[in-house]
Amino acid sequence: MKFEKMSDLRHFVLLRNDSSGTFLISRQDVQLVELKKEGVVIIVPKNSCVVSHNVTLCFIKLPFKEAIKQFPLPGKIKGGLEIMGRIKIITPNEDAAETITVEIDYTQYDVQNWETLVESYISKQTNFNKLKVKL
Amino acid sequence: MSKNKKLQQIESKTQSEGTDENIFKILTPSKKMLEKMKAKRALVYHKNSTVRVAAARALSELGIPTQMTSICSGSYQDLKEELEKEAPDILIVSNDIDGQTFEEILTIHEKLKSDRLEASFFLLSEDGSLSAALVQLDYFIDGFIVIPFTSQTLNNTIIERLEAKSSPSKPDRIFNAAREKFILEDYIEAYNLFESACQMDELQSMALYFLGKISLKKGDVDKALEYFADSYKHSDENYMCLAAYSKLLMDQKKFKESYEINKKFIDTFPIRPKFVRQTILLALANHKQDDIEELTEIIPTLRSVSQENNNILAAGLIICAKYLFEGGCEKPALKSIRNCFALAPDRPQILEEGCIVLASNGHQKKAITILEKNSGIKMPKSVFLQIQMEIYYHSEDYDNILKIGQNIINAQTNGSRCHRIFLEVAGKMKLGENQIQRVLDDAKKKFPDENITY
């Protein structure tokens, strides 16, 4: 039987709001929407940040079995990608009033590691594009 | 290393390396396509405004005038109305439309725009699993775009697919003309066109598959089987044919033949949760114990982000476990049960069925322990009681049934099963008349339409 794992490329994102001192560490708190060249668009709970707040993000590839009780120190999570950025735009979500869509511009990050992460999603999409009804 | 030093290093690395433009590079649409797109209408549906805006932007970069793109974020009904009003050539919708799936929307779009070389359908999906993406093989979908997306993945997927459609090959055109008649339910004309399409090597398998589908629409199952068999003969890698052929054979109770086709199907394409049940049943019908054992290893790895899929997988594991217990394969059977609870930890039905299989096969203690461990699942006390009764019943522990059975009078059970078990056991154990009468009266009161006797 031919089978491939369905649990494929996904990331769990942690967010620390450096301006307010709060953090989001639950797996459902941050959802990735768009990966940009020098930034990211995510969905987070309402009131977790405001425009121009400085934040630190930590991208962790799933599966990740350890429980996270606090925002990790730099380098603490093996393979985790830590990025600093500033909130650029906030848009309320009309369908889920308890959440907002946030665009973050990166201020400090490792370009190579970020591009590797983005490339993995591009490669996944490229593979999916090959799945098509053939005549 | 202090945090500041580390960040300084990151900063200097950022400045020195610069970015690689290529991974974000967006394809340039051809002049022909840009020209063609000027007259197109589009509709984008997604709940998130960032996604909607990005998709609309991608369409505008393709040459579709901004005023020709409608945006919708409302309910399923709103989308249907908007779709019928606008009749867009290009439709980009989310995989999950207000809690419903996209199939009906695709059907409406195909009916409105039956010439599929002039129309396109794209899905945006938060579920980025392979299982979800394989939906492209079930339907004629132009693209499956995963969220999170990048400008590259979104724009280029749309551009590549539309470019391919803007210069169709001769077989593409012939197939499209025949399929258009099929979409419009003009089966006589579709039949003729697909029959002539069979003359072209490239189209034989797919045309024969459609001839089979038309025969099915007419109710001619034998003819449909003949066409599917012919289609399979021309290509044993036609996904649509393999899926339809094995299912039809199974429906006709031709289990041996169906098993062969299904085997080819799952050997050629990655197995998906939706086909797991069929695969298990065929393996059982053909006494293929090796397949069952293999499946019990594979199923847990198919865990999906969709709980609905996981429930199907868990139910499949229970069937496998039952069979393995019957065949005396205790170890893999117990492993299957363990895996099924891991796949669907919040489903009382799975808990109940899994516990029953354990209890019926000499593992009452395990079943009770699992039930008690899972007592935190959101389920009414009556369901918990019912599962307990079933466990004791299947392990023939009549004393415990009589002990806990007294509680059924105070429980709001959904069906009469608990009462029936109690009365059956009470009869066997020759319980006192008074106790039996109390339960019997309660059963008659709660289920007046059922003929419950002692």
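Residues numbered from 1 in each chain as written. Chains lettered and ligands numbered in written order. Predicted model: local features only at pLDDT ≥ 70, side-chain atom pairs only at ≥ 80, totals over all residues.

### A short note on the overall build of chain B
Logical step 1: What chain B contains, in helices and strands, is 23 helices and seven strands.
Logical step 2: Relative to the 2.2 N^0.38 estimate, which gives 22 Å for 454 residues, the radius of gyration of chain B is 29 Å and therefore markedly larger than a compact globule would have.
Logical step 3: Overall, the C-alpha framework of chain B stretches about 90 × 75 × 45 Å when taken along its three principal axes.
Logical step 4: Out of the 454 residues belonging to chain B, those deemed buried represent 43%. (Helix = DSSP H or I, 4+ residues; strand = E, 2+ residues; numbered from the N terminus. Rg over C-alpha atoms; globule rule 2.2 N^0.38 Å. Buried ≥ 20, exposed ≤ 12 C-beta atoms within 10 Å, placed from the backbone.)

### Remarks on the pairing of strand β1 (residues 42–45) of chain B
Sheet faces and side chains relate simply in a regular strand, where the side chains alternate between the two faces.
All names here are of chain B.
Logical step 1: Going residue by residue along β1, you find A42 and V44 tucked away on one face and L43 and Y45 tucked away on the opposite face as well.
Logical step 2: Bridge count for β1 against strand β2 (residues 69–72) is four bridges, and the pairing is parallel. Its bridge partner being in β2, A42 is matched across the sheet by T69.
Logical step 3: Running through helix α3 (residues 49–61), the crossover from β1 to the neighbouring parallel element β2 is right-handed.
Logical step 4: Taken together, the four bridges between β1 and strand β3 (residues 90–94) define a ladder with parallel strand orientation. For A42, the partnering residue across the bridge sits in β3 and is I90. (Pairing = 2+ DSSP bridges. Right-handed = clockwise from strand over helix to strand, strands pointing away.)

### Focus: the domain arrangement of chain B
All names here are of chain B.
Logical step 1: On domain assignment, one finds that chain B holds domain 1 (24–167), domain 2 (169–253) and domain 3 (368–454).
Logical step 2: The straight-line distance from the C-alpha centre of domain 1 to that of domain 2 is 27 Å.
Logical step 3: Opposite the seven residues of domain 1 that make contact, domain 2 presents seven residues.
Logical step 4: Here the side of domain 1 that touches domain 2 is composed, by residue class, of two nonpolar, one polar and four charged. (Domains from an automatic or database assignment. Contact = placed C-beta atoms within 7 Å. Nonpolar A, V, L, I, M, F, W, Y, C, P; charged D, E, K, R; others polar.)

### What to know about the interface of chain A and chain B
Logical step 1: Every contact between the two is made by 40 residues of chain A and, on the other side, 58 residues of chain B.
Logical step 2: Put simply, the parts of the chain that give the side of chain A that touches chain B at least two residues each are β3 (31–36), β7 (99–108) and α1 (111–129) of chain A.
Logical step 3: A total of eleven residues in the side of chain A that touches chain B trace back to one element, the largest contributor, which is α1(A).
Logical step 4: Looking at side-chain class alone, the side of chain A that touches chain B contains 18 nonpolar, eight polar and 14 charged residues.

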